[in-house]
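# Coordinate inspection notes
Each chain is listed here by its residues.
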Amino acid sequence: MPLTHTRDLFAKALKGKYALGAFNVNNMELIQAIVEACEEEKAPLILQISKGARQYANPVYLKKLIEAAVSLSTIPIAVHLDHGDTFELCKQCIDEGFTSVMIDASHEPFEKNAEITRKVVEYAHKHNGSVEAELGHLVGAQFDDGEEGGAHSSSGHYTNPDEAVKFVKETGCDSLAVAIGNSHGAYKFKGTQHLDLERLKLIKKALMDAGLGDYPLVLHGASSVPQQLVAEVNKYGGKMPDAQGVPEADIEVARRTGCTKVNIDTDLRIALTAGIRKVFAESPKEFDPRKYLGPARAAVKDLVRHKVKNVLCCAGHAFD
Ligand code: G3H
Ligand code: 13P
Ligand code: ZN
């Protein structure tokens, strides 16, 4: 089966009110675990590759591994560049056959971000690619003083609803990553875990009111950092004190509010690490990589099955 376009996946997800899991991949075990889980759950899938993943694994290896996974499965799979930081990298990925790319110029002022995004959109659309852009800064909730509850601050880190409309109209980007207190990694919140879901609703409504329809939003930093996996990591010699993620109930609300693409990387890393650490701790004489990578791969597969079934609710929608 050839690669699927995110455009088609988004349209169906919006209609069916479910979210697509966008899982980061770096190596064979992660790809196998994710694709097998989604195949068994009949879930549509986005595999995403960061610049760092390309540097680690070599783009050709990743491409061939994904080709193998696609040829062995029946579900729709899209391949997406995660956090592309230049026009050149986005162009390269489109030329290599990625069905969509993210241009992340969110660190730039609004106009510069829009200018770079527009350039990527022009190229991508000419070559049948889609573009995700980002507005706002993924600084997490600890920096949100004075921004809670959807206040329309345009100087803050969070995405401003009116600016989101302006940005989408000016750039023509196909989806937008929002900043609502989310952040990457395993240490997302210092105090109470929460996202500014009121703001998310306002962003969605502003886009709808501006005639942009049921516009697809993207939630980065959506790992929930499962505490039982963190406990396993710590039990078997790791050190992840105070690791905290987004509560699954918040992801549920985000999904219902229109976050159509939900990015997960950290949870995969923790599951893989817990699996490897357990074997190392319990069988210190073991040195066959298959004996520790195998159980670790199975742990990632379990995690992905749980996400697509119980959190994203995309299980069973592969052939909609
Ligand atoms: O958003 C970042 C993703 O988790 C990818 O991380 O740049 O370390 O590959 P990475
Ligand atoms: P997490 O670090 O929460 O897994 O977020 C991943 C992500 O947003 C990739 O772009
Ligand atoms: Zn991200």
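Throughout what follows, the structure given in this document is the object of discussion.

Calculation notes
Residues numbered from 1 in each chain as written. Chains lettered and ligands numbered in written order. Predicted model: local features only at pLDDT ≥ 70, side-chain atom pairs only at ≥ 80, totals over all residues. Heavy atoms only, no water. Salt bridge = Lys/Arg side-chain N within 4 Å of Asp/Glu carboxyl O. Helix = DSSP H or I, 4+ residues; strand = E, 2+ residues; numbered from the N terminus. Buried < 20%, exposed > 50% of the residue type's maximum accessible area, 1.4 Å probe, protein only. Near = heavy atom within 4 Å. Polar contact = N/O pair within 3.5 Å; in protein donor to acceptor, adjacent residues only side chain to side chain. Areas by Shrake-Rupley, 256 points an atom, 1.4 Å probe, with all protein chains shown as cover. Nonpolar A, V, L, I, M, F, W, Y, C, P; charged D, E, K, R; others polar.

Moving on, we get to the pattern of salt bridges. One pass over the structure, following the stated rule, counts 24 salt bridges. Between E40 and R305 there is a salt bridge, and its shortest N-O distance comes to 2.4 Å. Here the residue E40 occupies a position in helix α2 (residues 28-41), and R305 occupies one in helix α12 (residues 289-311), the gap between them amounting to 265 residues. For R305, a relative accessible area of 26% gives the class partly exposed. For K51, the salt bridge goes to D85, with nearest N and O atoms at 2.9 Å. Taken together, the residues K51 in helix α3 (residues 51-57) and D85 in the loop between β3 (77-84) and α5 (87-96) connect sequence positions 34 residues apart. Looking at K51, the relative accessible area reads 35%, which means it is partly exposed.

What surrounds ligand 1 is the set N24, S50, D82, H83, H184, D265 and R269. Here H184 contributes a side-chain N or O atom positioned 3.0 Å from an oxygen atom of ligand 1. Contact with the protein chains covers 67% of the free accessible surface of ligand 1, which is 310 Å². Broken down by class, the residue content of the shell around ligand 1 amounts to no nonpolar, four polar and three charged.

Close to ligand 2 lie 15 residues; D82, K188, S223, D265 and T266 are nearest. Within the side chain of S223, one N or O atom sits 2.6 Å away from an oxygen atom of ligand 2. Separating an oxygen atom of ligand 2 from a side-chain N or O atom of N263 is a distance of 3.1 Å. Surface burial for ligand 2 is 96%, taken as the share of its 310 Å² of free accessible area covered by protein chains. Counting residues per element, the ones that place at least two in the shell around ligand 2 are β3 and β8 (259-264). In the shell around ligand 2, the residues fall into two nonpolar, 10 polar and three charged.

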